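# Analysis of the macromolecular model
These are the residues of each chain, in order.
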Amino acid sequence: MALNRNVVAEQNASLNELVHTPTFLMVAGALPGLFAATSLGHGAVIGGVCAVAILGAALISRGVSCFTGRFSRVAVALMLNALVMVLVGFGVRVALPVIYQDLGIYLPLTCASGVASIFIAQSGIDALKGADRAGELTFGDAVLAAVTAFLALVFCGFFTGLFTTGQVFGLTVGELAASPISIFGKPAGSLLLLALVAVFVQAVCDARAKGAAADSKGGEA
Amino acid sequence: MAFINALFTSMLDNNLVFCQLIAMVTVILAAKRSQDGVCFGTMLGCATAAAGAFGALVYAGFLAPWGVGYLAPVVYAILGAAVAFVGGAVAASRKGAADRGLALRLVALLAANAALMGAALANGVAFDSATATADVLFGNALGSGLGVFLAVVLFTSIRARIDDRLVPHAMRGLPIALVTASLMAMAFTCVAGIAGGLFV
């Protein structure tokens, strides 16, 4: 049975609102590398790679829209971003061979995730409804996404490493590693850490919105 | 037996979404439209399985023998898009022009999904280990597809039962979705090593 049109319209509006927030940009940017962020070093490297993938996808999606059709845009952007990530992978392999081995398939995978998050953030659910609203995402938004994703992965990597191996800046906290808290080294724990970061970003955005609303009310009075 | 073992291991023990956190963004977004969960999960699962199977063939037939395995991500990007668009075009061939356009737009989203590339890359790694047979590679591909389907349908059905009005304001939206995903990931972690091990 078809759903009530109002329910579907409400779902679409909710999705549109969700994908156009800084929290979505941060989460979509950080999720692809979350599994690989198992220590501070790994978090920093995969965070940097994710940031490059997001910025690359933002630049490439603008460039390819000049010479591609509506349907081929994603495929061409994906291919070009994959090429960029292969080159970035070569750089990581030369500079940090051990971390390159540990990151495995997550390094090239960030290209697909970068393109997907930029594509979704640009078009949102409107892409599915027939509207062509590409270009809503500014380059500043992409930079914000890249920086917040990098910071989130460094944070998650640090705490995942701390809870799993007990390593803090070269020192070992044995008690933590031997306790059940080491479950945070699993994907479930990483997702909880990212949820914590998302709550923080969302709270900051809400506070800014409330402050702006209060300022505008004060100005009117 | 190797095929069934690889299938269950990829589907449950190494589930692409909840155990490897690949393509989680799409799953979270799809959960917002609970009525489309099964349809979207089926499309994504089929595309993932097909991309994994074709990826294994391309890697074993061309990339590995030619020594250009480093180009695998670029090839898989084209392969994933081709699989998604051909599948979408076939599925939408009997529909009207408006529905066909809508379906192809959805397919564009599928083409950019990391699960398609993830299944193919995982098969490439398995092939490089030199212990993988054709049974294992195709079991991995099919298991990855089934795992993605399972993840989308389960997450959508659970997310639909969470009333956002009862969630604290700071947790609404993505944070509560991530907490839900975390609990589901914990559930998948509990079966790690059991499902695949049954068929050794």
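Because the structure is predicted, anything quoted here is derived from the model rather than measured.

## Some details on the overall build of chain B
Looking only at helices and strands, chain B has eight helices and zero strands in total. Shown N-terminal to C-terminal, the secondary structure of chain B runs as helices and strands in the order α-α-α-α-α-α-α-α. Radius of gyration (C-alpha) of chain B: 18 Å, near the 16 Å computed for a compact globule of 200 residues. For chain B, with 200 residues in total, the buried portion stands at 52%. Residue pairs in contact within chain B that sit at least 24 positions apart in sequence constitute 76% of those at least 6 positions apart. Carbon and sulfur atoms make up 71% of the accessible area of chain B, which totals about 8,300 Å². Of note, chain B has its 10 positive side-chain charges centred 14 Å away from the centre of its 7 negative side-chain charges.

## A short note on the interface of chain A and chain B
With 54 residues of chain A at the contact, the number on the chain B side is 49 residues. Of the roughly 4,500 Å² buried between chain A and chain B, counting both surfaces, carbon and sulfur atoms make up 78%. Linking chain A with chain B are zero salt bridges. Counting across the interface, chain A meets chain B through five residue pairs in polar contact (both at pLDDT 80 or more). Taken together, the elements giving at least two residues each to the side of chain A that touches chain B come down to α1 (5-19), α2 (22-34), α4 (72-95), α6 (106-123), α7 (126-129) and α10 (187-220) of chain A. Of the residues assigned to the side of chain A that touches chain B, the class counts are 42 nonpolar, seven polar and five charged.

## Notes on a nonpolar patch on the surface
Residues and elements named next belong to chain B. A cluster of nonpolar side chains, namely Phe3, Ile4, Phe54, Leu57, Phe138, Leu142 and Leu146, defines an oily patch on the protein surface of about 560 Å² accessible area. Elements represented by at least two residues in the nonpolar patch include exactly α1 (2-13), α3 (37-66) and α7 (134-159). On the secondary structure map, leucine 146 appears in helix α7. By relative accessible area, leucine 146 is classed as partly exposed at 34%.

## Digging into the nonpolar core
Ranked by size, the top nonpolar core spans 115 residues in total, and within it A:Leu31, A:Leu194 and B:Phe18 carry the most contacts. When residues of this core are assigned to their parent elements, the largest contribution, 11 residues, is made by α6(A).

## Quick notes on unusual backbone geometry
Excluding glycine, most residues fall at negative phi; most peptide bonds, likewise, are trans. All names here are of chain B. Unlike most non-glycine residues, leucine 21 shows phi in positive territory, near 55°. Structurally, leucine 21 is set in the loop between α1 and α2 (24-30). In this structure leucine 21 comes out as buried when scored by relative accessible area, which is 1%.

## Notes on the packing of aromatic side chains
For the structure shown, the criterion picks out nine aromatic pairs over all chains. Centroid distance A:Phe35 to A:Tyr106: 5.2 Å. Interplanar angle 20°. Geometry classified as stacked. Placement of A:Phe35 in the loop between α2 and α3 (40-64) and of A:Tyr106 in helix α6 is noted, with a sequence separation of 71 residues between them. Under the relative-accessibility criterion, A:Phe35 is labelled partly exposed at 33%. Between B:Phe18 and B:Phe188 the ring centres are 5.3 Å apart and the planes differ by 25°, which places this aromatic pair in the stacked class.

## Focus on the confidence of the model for chain A
All names here are of chain A. When pLDDT is averaged along chain A, the result is 81; 89% of the residues meet or exceed 70. Mean pLDDT across the elements of chain A ranges from a minimum in α7, with 45, to a maximum in helix α5 (residues 97-103), with 91. A low-confidence stretch, residues 125-135 (pLDDT under 50), is modelled with 27 contacts involving residues beyond four sequence positions or located in other chains.

## A word on the packing of helix α6 (residues 114-128) of chain B against α7(B)
Working note: a packed helix pair is described by the angle between its axes plus the distance between those axes. Residues and elements named next belong to chain B. It is at 10 Å that the axes of α6 and α7 come closest, and there the two elements cross at 155°. Overall, the two elements α6 and α7 adopt an arrangement that is roughly antiparallel. Both α6 and α7 take part in a crossing whose hand is right-handed. In this structure, α6 contributes Ala115, Ala119, Asn123, Ala126 and Phe127 to the contact, and α7 contributes Leu137, Asn140, Ala141, Ser144 and Val148. Split into classes, the residues belonging to the contact of α6 with α7 amount to seven nonpolar, three polar and no charged.

## Section: the environment of B:Val27
All names here are of chain B. Position of valine 27 relative to the elements: it lies in helix α2. Overall, valine 27 belongs to the buried group, its relative accessible area being 1%. Considered as a pair, valine 27 and leucine 79 are 52 residues apart in the sequence and their alpha carbons are 22 Å apart.

What counts, and where the lines are drawn
- Residues numbered from 1 in each chain as written.
- Chains lettered and ligands numbered in written order.
- Predicted model: local features only at pLDDT ≥ 70, side-chain atom pairs only at ≥ 80, totals over all residues.
- Heavy atoms only, no water.
- Helix = DSSP H or I, 4+ residues; strand = E, 2+ residues; numbered from the N terminus.
- Rg over C-alpha atoms; globule rule 2.2 N^0.38 Å.
- Buried < 20%, exposed > 50% of the residue type's maximum accessible area, 1.4 Å probe, protein only.
- Contact = heavy atoms within 4.5 Å.
- Areas by Shrake-Rupley, 256 points an atom, 1.4 Å probe, with all protein chains shown as cover.
- Lys, Arg positive; Asp, Glu negative; His and termini not counted.
- Charge placed at Lys NZ, Arg CZ, Asp CG, Glu CD.
- Buried area = accessible area lost by both parts, 1.4 Å probe.
- Salt bridge = Lys/Arg side-chain N within 4 Å of Asp/Glu carboxyl O.
- Polar contact = N/O pair within 3.5 Å; in protein donor to acceptor, adjacent residues only side chain to side chain.
- Nonpolar A, V, L, I, M, F, W, Y, C, P; charged D, E, K, R; others polar.
- Patch = residues over 30% accessible without salt bridge, like charges linked within 9 Å, V, L, I, M, F, W, Y side chains within 5 Å.
- Core = buried A, V, L, I, M, F, W, Y, C linked by side-chain atoms within 4.5 Å.
- Phe/Tyr/Trp six-rings, centres within 6.5 Å; stacked < 30°, edge-to-face > 60°.
- pLDDT = per-residue confidence, 0-100.
- Axes fitted to C-alpha atoms, helices over the stretch in contact; angles between N-to-C directions.
- Parallel < 35°, antiparallel > 145°, perpendicular 65-115°, else oblique.
- Left-handed = near helix turned anticlockwise from the far one by under 90°.

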